[in-house]
Amino acid sequence: MGAPAPARTAGLERLKDMFALSALSLDFPVICLLSMSAILCLPRQFHIAVVEATDPDHIRRARWTFPAYCALTAAVVVPITWAGLALLPSGAAPDLYVIDLPLLSGHTGIATLVFIGGFSAATAMVIVETLALATMVSNDILAPLILRSSAMTREHDIGRQLLIVRRLSIMAIVAAAYAYYRTVDSGETLAAIGLIAFAAAAQFAPAVVVPSSAQNAALRRLVPAWWRGTVLALHAVPALDAWRREHEGIP
């Protein structure tokens, strides 16, 4: 890292302080648990891991490629964090370290490539997420209603109806996402916003684990649990956000 020795030492000390056992609170195991649940429970993750896995060989390859990908990503995060703590101001956003560091060194080309890579990854995530959610909404919620309607099944082409429903679902999901974006404070970090999604998706974890050992009666109890969890989340998230702002002195 092309930084003065004192800066490197100070950054390393700050990095050590962040990972010291005394600095870890109850948040750490909770976030780890939510992150593990999100690996399978987020719609895009479930879509890729289950819906698109049409060949058993896909699972065998994913057993080593996915952990290797996660390990490689984690290994890259550590030196970037060290460099950011050593070179960037204390108020710099950690989400932007990977762009701020090359800009600080005058390497605008590298910063541009990083931005394009992040933009393409975010675009792919949005596309896969939207298609996964639209497929779930159209296949599991709206399609049964259409099939139960004798008038619609008798007078119209079902395939065309489902196609229209899926397109409308995509438009509604994108509109809802944009509305959420407009309501979120621009100062929120990407990690904070993602953690809310992780907490919401974690409600589906029992439905992924329980079916392997439960009877249908136990599965039917999951639906009321989902509704209770949704109501609790809608009530708790704004309250927790208000408490966090007051605790951190954010207006």
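Please refer to the structure placed before this passage.
So, here's what we can say about the structure. (Residues numbered from 1 in each chain as written. Predicted model: local features only at pLDDT ≥ 70, side-chain atom pairs only at ≥ 80, totals over all residues. Heavy atoms only, no water.)

Some points on the overall build of the chain
Along the backbone of the chain there are twelve helices and zero strands. Along its sequence from the N terminus, the chain presents helices and strands in the succession α-α-α-α-α-α-α-α-α-α-α-α. Relative to its full complement of 251 residues, the chain shows a buried share of 16%. Across the chain, the fraction of contacts at a sequence separation of at least 24, relative to all contacts at a separation of at least 6, is 57%. Summed over its atoms, the accessible surface of the chain is roughly 17800 Å², and 70% of this surface lies on carbon and sulfur atoms. (Helix = DSSP H or I, 4+ residues; strand = E, 2+ residues; numbered from the N terminus. Buried < 20%, exposed > 50% of the residue type's maximum accessible area, 1.4 Å probe, protein only. Contact = heavy atoms within 4.5 Å. Areas by Shrake-Rupley, 256 points an atom, 1.4 Å probe, with all protein chains shown as cover.)

Topic: the packing of aromatic side chains
By the definition in use, this model includes two aromatic pairs. Measuring from centroid to centroid gives 6.2 Å for Phe115 and Phe119, while their planes differ by 20°, and the two rings are stacked. In this pair, Phe115 and Phe119 are both assigned in helix H6 (residues 108-148), four residues apart and thus about one turn of the helix distant. Classification of Phe119 by relative accessible area gives exposed; the value is 53%. Aromatic side chains Tyr178 and Tyr181 sit 6.0 Å apart centroid to centroid with 40° between the ring planes, which places their arrangement in the tilted category. Here Tyr178 pairs with Tyr181, and both are found in helix H8 (residues 158-183), just three residues apart, close to one helical turn. (Phe/Tyr/Trp six-rings, centres within 6.5 Å; stacked < 30°, edge-to-face > 60°.)

Description of the nonpolar core
Counting seven residues, the largest nonpolar core is built from Leu15, Ala83, Leu85, Leu88, Ala92, Tyr97 and Leu101. Mapped by element, the contributors of at least two residues to this core are helix H4 (56-87) and helix H5 (97-104). Excluding its chain neighbours within four sequence positions, the residues that come into contact with Leu101 are Ile80, Ala83, Gly84, Leu87 and Leu88. Ala38, Leu42, Ala201 and Ala205 belong to the second-largest nonpolar core, a separate cluster that totals five residues. (Core = buried A, V, L, I, M, F, W, Y, C linked by side-chain atoms within 4.5 Å.)

A look at the packing of helix H3 (residues 43-51) against H6
H6 packs onto H3 with a crossing angle of 80° between their chain directions and a minimal axis gap of 8 Å. Taken together, the axes of H3 and H6 lie roughly perpendicular to each other. Residues Pro43, Arg44, Phe46, His47 and Ile48 of H3 lie in contact with H6, whose contacting residues are Met125, Val128, Glu129, Ala132, Leu133 and Met136. (Axes fitted to C-alpha atoms, helices over the stretch in contact; angles between N-to-C directions. Parallel < 35°, antiparallel > 145°, perpendicular 65-115°, else oblique.)

Some words on the side chain of Ser138
Along the chain, Ser138 turns up in helix H6. A polar side-chain atom of Ser138 sits 2.8 Å from the main-chain carbonyl oxygen of Ala134. At a separation of 3.2 Å, a polar atom in the side chain of Ser138 contacts the main-chain carbonyl oxygen of Thr135. Residues in contact with Ser138, not counting those within four places in the same chain, are Ala143, Val165, Arg166 and Ser169. (Polar contact = N/O pair within 3.5 Å; in protein donor to acceptor, adjacent residues only side chain to side chain.)

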